[in-house]
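Structure at a glance
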Amino acid sequence: MLEELKKLDSDFTESMFKTKVDNIFVLMMSAIMFKDMERIYSSLNEDMRLKIQNRIKVLQDNNEIQMYDELNVKHTEISNVQILEDRYMIEVLLTSRYMDYKLDANTKKFKSGNNSSRIELRNRLIFEEKRNHKSLGIAAKCPNCGANIDYNYSGVCEYCKSQMPKEDYDWILTSWEQY
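Figured I'd write up the structure that's included with this text.

Procedures and definitions
- Residues numbered from 1 in each chain as written.
- Predicted model: local features only at pLDDT ≥ 70, side-chain atom pairs only at ≥ 80, totals over all residues.
- Heavy atoms only, no water.
- Salt bridge = Lys/Arg side-chain N within 4 Å of Asp/Glu carboxyl O.
- Helix = DSSP H or I, 4+ residues; strand = E, 2+ residues; numbered from the N terminus.
- Buried < 20%, exposed > 50% of the residue type's maximum accessible area, 1.4 Å probe, protein only.
- Core = buried A, V, L, I, M, F, W, Y, C linked by side-chain atoms within 4.5 Å.
- Contact = heavy atoms within 4.5 Å.
- Pairing = 2+ DSSP bridges.
- Axes fitted to C-alpha atoms, helices over the stretch in contact; angles between N-to-C directions.
- Parallel < 35°, antiparallel > 145°, perpendicular 65-115°, else oblique.
- Left-handed = near helix turned anticlockwise from the far one by under 90°.

Another aspect to go through is the pattern of salt bridges. Summed over the entire model, instances satisfying the criterion amount to 14 salt bridges. With its nearest N and O atoms 3.4 Å apart, the salt bridge here joins Glu14 to Lys18. Separated by four residues within a single helix, Glu14 and Lys18 lie in helix H2 (residues 14-34), roughly one turn from each other. Taking the relative accessible area as the measure of exposure, Glu14 reaches 27% and is therefore partly exposed. Classification of Lys18 by relative accessible area gives partly exposed; the value is 24%.

This is the structure:
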C-alpha cells in the first residue's frame, strides 16, 4: 500500500514522513515535560490534544515535573498504510529511549521513576492526512490576519496567536500508545 500512496500523493516521501514522525514525537514528549503545547498543538487532532492536556493537568495537580532526559528516537518503521475514501492513514512503530522520572515542581528534587539509566519503549502512532489536502504553496498565510507563518514550526501565527489547523494541509497525529 505504501507504493500506492506514493502514486496517489506525489508529495509523499517515506524518508521525509519518518523525519516528521520523529520530530512530532519529540515535540509531544517535550510538550509534556515543559507543560506547553504551543509547538505541537497544530500537529495533533482534538483527541490527542485532550490526551496531552490531561497528562499535563495530572502533573500540575500532583505538583510534578515529568522528565524525559536523553530522549531520542532509535527506530521508526511504517507498519501499515490504509487508503480510505477521504483520507490516508499510516501506522508507525517507533522505538524511543530516555530516562523517565518525575521531580517535585517546587523543590526540583527527584520524586519517582528512573533517572540513572535510559529505558527503551515502543510506541504505536497513527497519522492521518486528508486525501486531496490543500497545498500550502511556498508561504503559509494565517487564516485570521494574513501574516506569513512558519507552518513547519508550530502552525501558530506569531502576530495574532491564532492556530492554523494542519488537518487541512498535512499529516496529523490521531493516536499514540506505548507498549
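Read on for the rest.
Attention now goes to the nonpolar core. If you look at the biggest cluster of nonpolar residues, it comprises 34 residues, and the most contacted ones within it are Phe17, Met28, Ile52, Ile90, Phe127 and Trp176. Every element with two or more residues in this core is listed here: helix H1 (2-8), H2, helix H3 (46-61), strand S1 (64-83), strand S2 (87-104), strand S3 (110-130) and strand S6 (172-178). Leave out the neighbours within four places in its chain, and Ile90 touches Leu5, Phe12, Phe17, Ile78, Asn80, Val81, Leu125, Ile126, Phe127 and Trp171. Ile65, Met99, Tyr101 and Leu103 belong to the second-largest nonpolar core, a separate cluster that totals six residues.

Let's shift gears to the sheet that holds S2. With respect to topology, four strands assemble into an open sheet ordered S1-S2-S3-S6, the strand pairing being antiparallel. Two strands in the sheet have a free side with no partner beyond their single neighbour: S1 and S6. Between one strand axis and the next, the sheet turns by 25° as a mean value, whatever way the strands run. Where S3 lies against S6, six bridges are found, and the strand directions are antiparallel. In the sheet register, Ile126 faces S6, and the bridge partner there is Ser175. Along the sheet, H2 contacts S1, S2, S3 and S6; its crossing angle with S1, the most-contacted strand, is approximately 150°. On the sheet, H3 packs against S1, S2 and S6 and is oriented at approximately 50° with respect to S6.

Moving on, we get to the packing of H2 against H3. Remark: H2 packs on H3, axes separated minimally by 9 Å, with the N-to-C direction vectors making an angle of 30°. One finds that H2 runs roughly parallel with respect to H3. At the point where H2 passes H3, the crossing takes the right-handed sense. Residues Met28, Ala31 and Ile32 of H2 pack against Met48, Ile52, Arg55, Ile56 and Leu59 of H3.

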